[in-house]
Amino acid sequence: MAASDKTATVKSESRTIIIVVAVVAALLIAVLFYFLMRATGGGTVTPTLEGAIRPGSPEFEPLKSQVVMDDPEATEARRPLGDIVMTLQTTVRNLTGKTLSGLEIRGAVVDHQNQPVKQRTVIIIPSQVPGGPAELPPNKTVVARVVLDGMTETDDRANIKMEITGIRFKN
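Residues numbered from 1 in each chain as written. Predicted model: local features only at pLDDT ≥ 70, side-chain atom pairs only at ≥ 80, totals over all residues. Heavy atoms only, no water.

Chemist: I keep staring at the packing of aromatic side chains and nothing clicks. Help me out?
Modeler: Each aromatic ring pair is summarised here by two numbers: the centre-to-centre distance and the angle between the ring planes. According to the stated counting rule, one finds one aromatic pair in the structure shown. The positively charged end of Lys98 is found above the aromatic ring belonging to Phe169, 5.0 Å away from the centroid. (Phe/Tyr/Trp six-rings, centres within 6.5 Å; stacked < 30°, edge-to-face > 60°. Lys NZ or Arg CZ within 6 Å of the ring centre and 35° of its normal.)

So this is what it looks like as structure tokens:
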């Protein structure tokens, strides 16, 4: 009888070890997925348009008034992760008489104090989307979209803004 008690004890101990290892592995995998899904864009680099005319430059303000943006519109969607994704969209019109070879736009959701809740800068021209415009001829339009993710229901989302932060012309 002592031998059967010994094998029962060994089986029980090995079963306990297997269960403990499985639970620890499951917890480690869950933690890994949690951090991967919640990863913020902290490591991402804001794109910048090389050779662009920027705010503060004497030629920027007159050109900005000739690159006209419609009032932006926003749509929002809830993801299965529980966060909210907002897509800001506007139409940009080139009234400069020159071909635009680069356009950088910053989109933001702001709170009641006009402080950004989320913001992102994107390069619209040349398009990062395959088949998108490489340049914008005079008197033509392009749709500009900025996707902002990671917002929660409790964020103070009072307004949206889109502004031109860089313009470059074809030589």
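Chemist: Sorry if this is basic, but what is going on with the sheet that holds strand S5 (residues 116–125) here?
Modeler: Pairing between the strands of a sheet comes from backbone hydrogen bonds, and it takes one of two forms, parallel or antiparallel. With antiparallel pairing, three strands are arranged side by side in an open sheet as S5-S4-S7. Only two strands of the sheet have a single partner each, and these edge strands are S5 and strand S7 (159–169). The mean inter-strand angle of the sheet, taken between neighbouring strand axes irrespective of direction, is 15 degrees. Relative to S5, strand S4 (residues 100–110) is paired through eight bridges, and the arrangement is antiparallel. Across the sheet, Glu104 pairs through a bridge with Ile123, a residue of S5. (Pairing = 2+ DSSP bridges. Helix = DSSP H or I, 4+ residues; strand = E, 2+ residues; numbered from the N terminus. Axes fitted to C-alpha atoms, helices over the stretch in contact; angles between N-to-C directions.)

Chemist: Can you help me understand the pairing of strand S2 (residues 73–78) in this one?
Modeler: Looking along a regular strand, one sees the side chains alternate between the two faces of the sheet. Along S2, only zero of the six residues are buried, which leaves the element largely exposed. In the sheet, S2 pairs with strand S3 (residues 84–94) via six bridges, with the strands oriented antiparallel. In the strand pairing of S3, Glu76 is matched with Met86. The turn joining S2 and S3, which pair antiparallel and follow one another in sequence, is formed by five residues; a positive phi near 100 degrees is taken by Gly82. (Buried < 20%, exposed > 50% of the residue type's maximum accessible area, 1.4 Å probe, protein only.)

Chemist: When you look at unusual backbone geometry in this model, what are you seeing that I'm missing?
Modeler: The phi angle of most residues is negative, glycine excepted, and most peptide bonds adopt the trans form. A cis geometry characterises the amide bond from Ile125 onward to Pro126, with omega recorded as 0 degrees. Inspection of the secondary structure assignment puts Pro126 in the loop between S5 and strand S6 (141–151). Residue Asn114 is not a glycine yet carries a positive backbone phi of 65 degrees. Tracing the sequence through the fold places Asn114 in the loop between S4 and S5.

Chemist: Explanation requested: a nonpolar patch on the surface in the structure shown.
Modeler: Among the surface-exposed residues, Ile29, Leu32, Phe33, Leu36, Met37 and Leu81 lie close enough to one another that they form a single nonpolar patch of about 610 Å² accessible area. Within the secondary structure layout, Leu81 lies in the loop between S2 and S3. (Patch = residues over 30% accessible without salt bridge, like charges linked within 9 Å, V, L, I, M, F, W, Y side chains within 5 Å. Areas by Shrake-Rupley, 256 points an atom, 1.4 Å probe, with all protein chains shown as cover. Salt bridge = Lys/Arg side-chain N within 4 Å of Asp/Glu carboxyl O.)

Chemist: Honestly, the nonpolar core in this entry has me stumped. Any pointers?
Modeler: One broad rule of soluble globular proteins: the nonpolar side chains tend to lie buried together. Membership of the largest hydrophobic core comes to 26 residues, with the highest contact counts inside it found for Val67, Val92, Leu103, Ile105, Ile124, Ile164 and Ile167. Where this core is concerned, the elements lending two or more residues are helix H2 (60–64), S3, S4, S5, S6 and S7. The residues contacting Ile164, other than those within four sequence positions of it, are Pro55, Phe60, Val67, Met69, Leu103, Glu104 and Ile105. (Core = buried A, V, L, I, M, F, W, Y, C linked by side-chain atoms within 4.5 Å. Contact = heavy atoms within 4.5 Å.)

Chemist: Help me understand the layout of surface pockets in this model?
Modeler: Which parts of space are left empty comes out when a probe the size of a water molecule is rolled across the atoms. Reported here for the second largest pocket is a volume of approximately 240 Å³. Along the walls of the second largest pocket sit Val122, Ile123, Ile124, Ser127, Gln128, Val129, Pro133, Val142, Val143 and Arg145, which together make up its complete lining. Every element with two or more residues in the lining of the second largest pocket is listed here: S5 and S6. Taken together, the residues of the lining of the second largest pocket sort by class into seven nonpolar, two polar and one charged. (1 Å grid on protein atoms, 1.4 Å probe; cavity = no way out; pocket = protein on both sides within 12 Å on 5 of 7 lines; lining within 4 Å. Points joined across faces, edges and corners; volume = space filled by probe spheres on them. Nonpolar A, V, L, I, M, F, W, Y, C, P; charged D, E, K, R; others polar.)

Chemist: What should I look at first to understand the environment of Thr99 in this one?
Modeler: Summarising the element assignment, Thr99 is placed in the loop between S3 and S4. Note: C-alpha distance between Thr99 and Asn171 (72 residues apart in sequence) is 8.6 Å. Setting aside anything within four residues of it in sequence, one finds Thr99 in contact with Asn94, Glu135, Leu136, Pro137, Pro138, Phe169 and Lys170.

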